[in-house]
Structure formats: C-alpha cells, structure tokens
Amino acid sequence: MKQVSSESTFDAAHNLNGNIFVTRPDLPPLEDFIPYLEQIWDRKWLTNNGLFHQELEEKLAQFLGVKYVSLFSNGTLALVTALQVLRITGEVITTPYSFVATTHALNWNDITPVFCDIEPETMNLDPKKLEMLITPKTSAILPVHIYGNPCAVEEIQKIADIYGLHIIYDACHAFGVNIDGQSVLNFGDLSVLSFHATKIFTTMEGGAIVTDNKKLKDRIDYLKNFGFADETTVMAPGINGKMNEMQAALGLLQLESVKENIKRRQEISVNYREKFKDIPGIGFLTDAENVQHNYAYFPIFVDDQKYGMQRDQLYEAFKQEHIYSRRYFYPLISEFPMYRGLASAGQENLPVASRISRQVITLPLYPTLTEEQQDKVIAVVKNNCGAGK
Ligand code: T4K
C-alpha cells in the first residue's frame with residue numbers, strides 16, 4: 001500500500017499525541033464500513049442519488065421524525081440552497097452568535113444580513129428584539145438553534161406570520177432534538193443540518209435540508225443537481241451540492257450508534273455540570289423540561305469578576321495542559337471585516353451577544369472522552385479559579 005504521509009508526520013501536524021480536543025468523530029469499526037465499500041465498488045454508482053443516498057434520506061426522515069430530507073455535500077451549501085429555493089432576497093434577520101457559515105450563506109445569495117441580539121438564557125435570537133428590525137426589504141428570518149438548544153419557535157413563528165416572512169432554521173447543531181416530543185426540525189419553512197466531522201452525526205462532510213413539502217423537496221433536489229428537473233430541463237441556476245455514496249454509507253452506519261453517542265454525551269455533560277456547579281463565575285446551560293437535548297456542545301461562560309480570571313487566560317491555561325477547547329462563538333459574525341460595516345453590526349445593538357461571546361469557552365465533549373480526560377478538564381477550571389492577574 002502506498003503511504004501518503006507517515007503517521008508520525010500527521011500526528012505532529014495535528015498535535016494528536018496526548019492532546020484533548022474539543023471534539024472527535026464517533027466512527028464505527030472500520031470492518032463495518034468495508035461491506036458498504038464493496039457494494040459501492042460492485043455497483044460502480046458513486047454519486048447522483050445512489051442507493052445508499054436514497055436509503056439514508058428515508059432512514060433519516062424516519063429517525064428524525066420529519067417528512068422529507070434532502071442530503072447535501074455539506075451544511076453550508078444546504079443553507080445557500082435553502083435561501084435559493086424560497087427565493088429569499090433583500091434583508092434577512094439573523095443572529096451574530098453562530099458559526100460564520102450562517103451569514104456567509106446570505107452573502108453568497110446577495111442578501112443583506114441584519115443582526116439581531118440574542119437571549120441571555122438560550123443564546124438564541126431574541127424574539128423580543130426581532131420586530132423592530134423588520135423593514136419593507138425583510139423577506140425572511142434565519143435563526144440558529146445554537147448548541148442544539150431550540151429557539152423560541154412559537155414566538156418567532158407568530159412574528160413571521162404577522163409580517164409574511166419565511167423562516168429558515170440553521171439547525172446544524174440540532175440533530176435529534178425534540179420539543180414536546182416532536183422534532184425541532186419541523187418548525188419554520190425549512191431546517192438545515194450539518195453532518196460535518198465535528199457534529200454528533202457525521203458523514204465526514206455533509207448536510208441536509210428538511211421540509212414537510214413534497215414540491216419543495218423536489219425543487220431542492222433539482223437545485224442541488226445544477227437545476228436539472230429532467231434530462232433536458234434546467235429549472236434554475238442550480239449548484240452541485242450532492243452527497244456521494246461513501247458519505248451516505250457512513251451516515252447509514254452512524255444511524256446505528258447515534259443514540260448511544262447522545263447518551264454518552266449526556267453522561268459527560270451531567271458530570272461537568274455537577275463538578276462546575278459550585279465554582280463561582282462559571283455558568284453553563286441546563287436542560288429544558290420539554291426538550292429532548294442532544295448534548296452537542298458543552299459551553300461554559302466565564303464571569304471574570306466572580307471567577308477571578310479572564311476567559312482568554314483560562315483558554316490559554318487549557319492549552320498549557322494540552323486541552324484544545326474552542327471559543328464557539330467568538331468573535332461574533334458581525335465583527336468580521338466583511339460584516340462589521342453593516343448598520344446592525346454595532347456592538348451597542350448587540351449587547352448580550354457581545355458579552356456572551358467574550359465569556360464563552362466550549363469544552364471537550366465526545367463519546368470516547370475518558371473519565372481521566374474529563375477530570376483533567378475539570379481540574380483546569382477548578383485550579384484556575386481566582387488565579388488571574
Ligand atoms: N451553521 C452552523 C451553526 C455551524 O456550526 C456550521 C458548522 C455550519 C452552519 C456549516 O456547516 P458545514 O458546511 O461545516 O457542514 C468546525 C466545523 O468545521 C464546522 O462544520 C462547524 N460548524 C464549526 C462549529 O466547527 P472548526 O474550524 O472549529 O473545525 P476544526 O477543523 O478546527 O475542528 C475542531 C476540532 O475537531 C479539532 O481540533 C479536532 C476535531 N476534529 C476535526 C476534524 C475536522 C477531528 O477530530 N477530526 C476531524 O476530521 O470548525
């Protein structure tokens with residue numbers, strides 16, 4: 001077998017040895033993947049709505065409790081296409097507290113993002129601050145279920161109904177989340193998922209649009225395939241957003257273990273919460289009674305006055321111990337050069353988001369995180385309390 005690069009070169013480049021990362025993908029045993037590869041090789045059908053692709057769309061819809069799933073090669077292209085399929089134009093109200101792809105998807109559609117502040121409890125778009133941002137140019141709302149915590153879906157829907165706006169949820173963190181027993185993906189016009197390597201359900205790269213409307217599902221399928229409705233009809237300037245058979249095969253395997261994955265994440269989250277509850281100045285999210293959570297991330301929020309150390313000092317202290325946490329989501333999207341000139345981007349308009357983004361550290365959380373590794377993470381938080389200069 002040809003060796004592309006030696007393991008040690010890769011390990012050094014990615015600092016793998018002994019390090020603790022914010023996340024690690026939950027992969028099935030390699031031997032379980034081989035039979036899928038054999039089928040792909042036998043069929044010589046690699047992409048363009050192959051059998052695994054079809055099977056995954058059906059099984060995902062069943063698993064998630066939604067009507068239709070249209071698979072994509074990644075979540076960003078799914079977001080771009082969701083905006084296209086609903087013909088969203090003008091201005092869209094969105095949250096600055098997210099991964100940058102949320103707003104980039106608007107930019108790629110020539111839509112002006114309008115940033116709305118977030119709620120301090122959920123870190124999701126604040127419906128109380130939404131209405132005043134609506135103008136005659138507003139055509140949609142693009143909220144994010146951040147960390148998998150559901151937005152105020154009913155309140156947002158009410159406002160959208162009054163003003164005749166579409167809602168597209170960036171649900172990239174919200175795989176498997178239910179509210180009152182039903183999927184959070186069923187709210188709004190469309191929901192978009194990401195299956196990136198860092199997500200709880202992964203197809204290496206990947207994503208999906210969820211809809212309950214068959215006609216929309218068909219149009220989404222055309223759009224992700226260059227706009228082809230049949231061999232000779234191109235209904236719109238579509239894109240190539242298709243998921244391939246290898247990705248879909250991994251997705252089918254992931255479906256077998258994702259419940260266990262979420263259970264394990266829950267156990268680790270419970271452990272973190274228990275250990276952090278008496279540390280002054282360390283805030284964290286708790287479970288809502290009517291929500292079935294997916295424990296996708298474990299963000300803590302550092303109040304430097306009470307904790308006695310600044311967030312960035314703690315972030316560096318983790319690194320000293322070879323723990324690579326992340327500041328999801330800092331900086332705010334509205335602070336990046338391509339967006340900071342927008343009228344809605346000023347810090348004075350986004351006080352909660354600005355504060356939260358300067359307090360957040362997202363801790364390592366993934367099914368194979370050992371007790372010893374958890375103890376190491378907890379010890380850094382405990383030992384640095386009051387240690388700031
Ligand atoms: N909307 C929201 C709300 C999102 O969070 C995202 C993506 C999107 C839209 C767009 O969806 P996609 O187009 O990506 O499907 C990561 C991911 O790249 C990104 O998908 C994700 N959100 C974002 C929150 O996080 P980085 O820059 O932090 O990733 P990276 O490569 O530094 O990985 C973080 C850690 O994960 C590494 O330190 C180690 C571990 N890791 C990573 C990869 C890629 C692995 O163990 N194996 C791997 O293969 O952005």
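Residues numbered from 1 in each chain as written. Predicted model: local features only at pLDDT ≥ 70, side-chain atom pairs only at ≥ 80, totals over all residues. Heavy atoms only, no water.

### Observations concerning helix α4 (residues 75-85)
Each full turn of the α-helix corresponds to 3.6 residues, which orients residues three or four apart in the same direction. Put simply, the rule is: Relative accessibility thresholds used throughout: buried, under 20% of the residue-type maximum; exposed, over 50%; partly exposed, between the two (1.4 Å probe, protein chains only). Helix and strand definitions follow DSSP, with helices as H or I runs of at least four residues and strands as E runs of at least two, each counted in order from the N terminus.
The buried fraction of α4 is high, at 9 of 11 residues. What α4 keeps buried is the set Gly75, Leu77, Ala78, Leu79, Val80, Thr81, Ala82, Leu83 and Val85. Where α4 terminates, the next one or two residues include Arg87, which has phi positive at roughly 55°.

### Points about the pattern of salt bridges
Where charged atoms from two side chains of opposite charge approach closely, those side chains can pair. Put simply, the rule reads: By convention in these notes, a salt bridge is any Lys or Arg side-chain nitrogen within 4 Å of a carboxyl oxygen on Asp or Glu.
Enumeration according to the criterion identifies 17 salt bridges in this entry. Residue Glu57 is joined to Lys224 by a salt bridge in which the shortest nitrogen-to-oxygen separation is 3.4 Å. Note that Glu57 is positioned in helix α3 (residues 51-64) and Lys224 in the loop between α7 (214-223) and α8 (245-276), a separation of 167 residues in sequence. There is no split in this pair, since Glu57 and Lys224 are both buried. Asp126 serves as the salt-bridge partner of Lys128, at 3.3 Å between the closest nitrogen and oxygen. Since its relative accessible area comes to 62%, Lys128 is described here as exposed. Residue classification places Asp126 among the buried residues on the basis of a relative accessible area of 5%. Among the ionic contacts, a cluster of salt bridges with common partners joins Glu57, Lys217, Asp221 and Lys224.

### What to know about the sheet that holds strand β10 (residues 207-211)
Put simply, the rule is: Following DSSP output, two strands are said to pair if at least two bridges run between them. For helices, the fitted line uses only the C-alpha atoms of the stretch in contact; every axis is such a line through C-alpha atoms, and the angle between N-to-C directions lies from 0 to 180 degrees. By definition, residues are in contact when any of their heavy atoms lie within 4.5 Å.
If you walk across this open sheet you meet the 7 strands as β2-β10-β9-β6-β5-β3-β4, and the pairing is mixed. Strands at the two margins of the open sheet, each flanked by one partner only, are β2 (68-72) and β4 (112-115). Neighbour-to-neighbour, the strand axes of the sheet open up by a mean angle of 25°, direction not taken into account. Sheet topology places strand β9 (residues 190-194) next to β10; 4 bridges connect them, and they run antiparallel. Of the residues in β10, the one forming a bridge with Val192 is Ile209. Contacts between α3 and the sheet are confined to β2 and β9, with β2 contributing the most and set at about 130° to the helix. Where helix α6 (residues 153-163) meets the sheet, it contacts β5 (138-142) and β6 (166-170), and its direction lies at approximately 150° from that of β6.

### Things to note about the domain arrangement of the protein chain
Selection rule: An automatic or database domain assignment supplies the start and end points of every domain. Defined here as a combined quantity, buried area equals the accessible surface (1.4 Å probe) lost by two parts on assembly, summed across both.
Parsing the protein chain into structural domains produces domain 1 (30-253) and domain 2 (258-383). Computed over C-alpha atoms only, the centres of domain 1 and domain 2 are separated by 25 Å. Listed as interface residues are 39 residues of domain 1 and, on the opposing side, 35 residues of domain 2. Between domain 1 and domain 2, the buried area comes to about 3100 Å², and carbon and sulfur atoms account for 67% of it. The largest contributions to the domain 1 side of the interface with domain 2 come from Phe115, Tyr147 and Ile200, which together make up 24% of the buried area.

### Let's talk about the pairing of β2
Burial analysis of β2 places 4 of its 5 residues in the buried class, which makes it a mostly covered element. With 5 bridges joining them, β2 and β10 adopt antiparallel strand pairing. Residue pairing in the sheet places Phe72 in a bridge with Gly207 of β10.

### Remarks on unusual backbone geometry
Here Tyr328 and Phe329 are connected by a cis peptide whose omega angle stands at 15°. Its location among the elements puts Phe329 in the loop between β14 (323-324) and α11 (351-357). Look at the link from Tyr330 to Pro331: it is a cis peptide, with omega at -10°. The topology assignment puts Pro331 in the loop between β14 and α11. Phi angles above zero are rare outside glycine, and Asn48 is one such case at about 60°. Summarising the element assignment, Asn48 is placed in the loop between α2 (30-43) and α3. The exposure class of Asn48 is partly exposed, given its relative accessible area of 37%.

### Some details on a nonpolar patch on the surface
As a reminder, the rule being used: For patch building, the residue pool is restricted to those with more than 30% relative accessible area and no salt bridge; the joining distance is 9 Å between like charges and 5 Å between nonpolar side chains (Val, Leu, Ile, Met, Phe, Trp, Tyr). Using a 1.4 Å probe, accessible areas were evaluated by the Shrake-Rupley method; residue-level cover was limited to the displayed protein chains.
Where nonpolar side chains cluster on the molecular surface, the patch consists of Phe226, Phe228 and Val234 and spans about 260 Å² of accessible area. Take Phe226: it is sitting in the loop between α7 and α8. For Phe226, a relative accessible area of 38% corresponds to the partly exposed category.

### Regarding the sheet that holds strand β12 (residues 291-292)
Sheet architecture is open: 3 strands sit in the order β8-β7-β12, paired in antiparallel fashion. One side of each edge strand has no neighbouring strand; the edge strands of this open sheet are β8 (182-183) and β12.

### Some remarks on the nonpolar core
Here is the rule: We define the nonpolar core as a collection of buried residues of types Ala, Val, Leu, Ile, Met, Phe, Trp, Tyr and Cys that are connected through side-chain atoms lying within 4.5 Å of one another.
Counting 75 residues, the largest nonpolar core has Leu60 and Tyr97 as the members making the most contacts within it. Setting aside chain neighbours within four positions, we find Leu60 in contact with Val69, Leu71, Phe175, Phe195, Phe201 and Leu255. By size, the runner-up hydrophobic cluster in this structure holds 25 residues, among which are Ile300, Tyr315, Phe318 and Tyr366.

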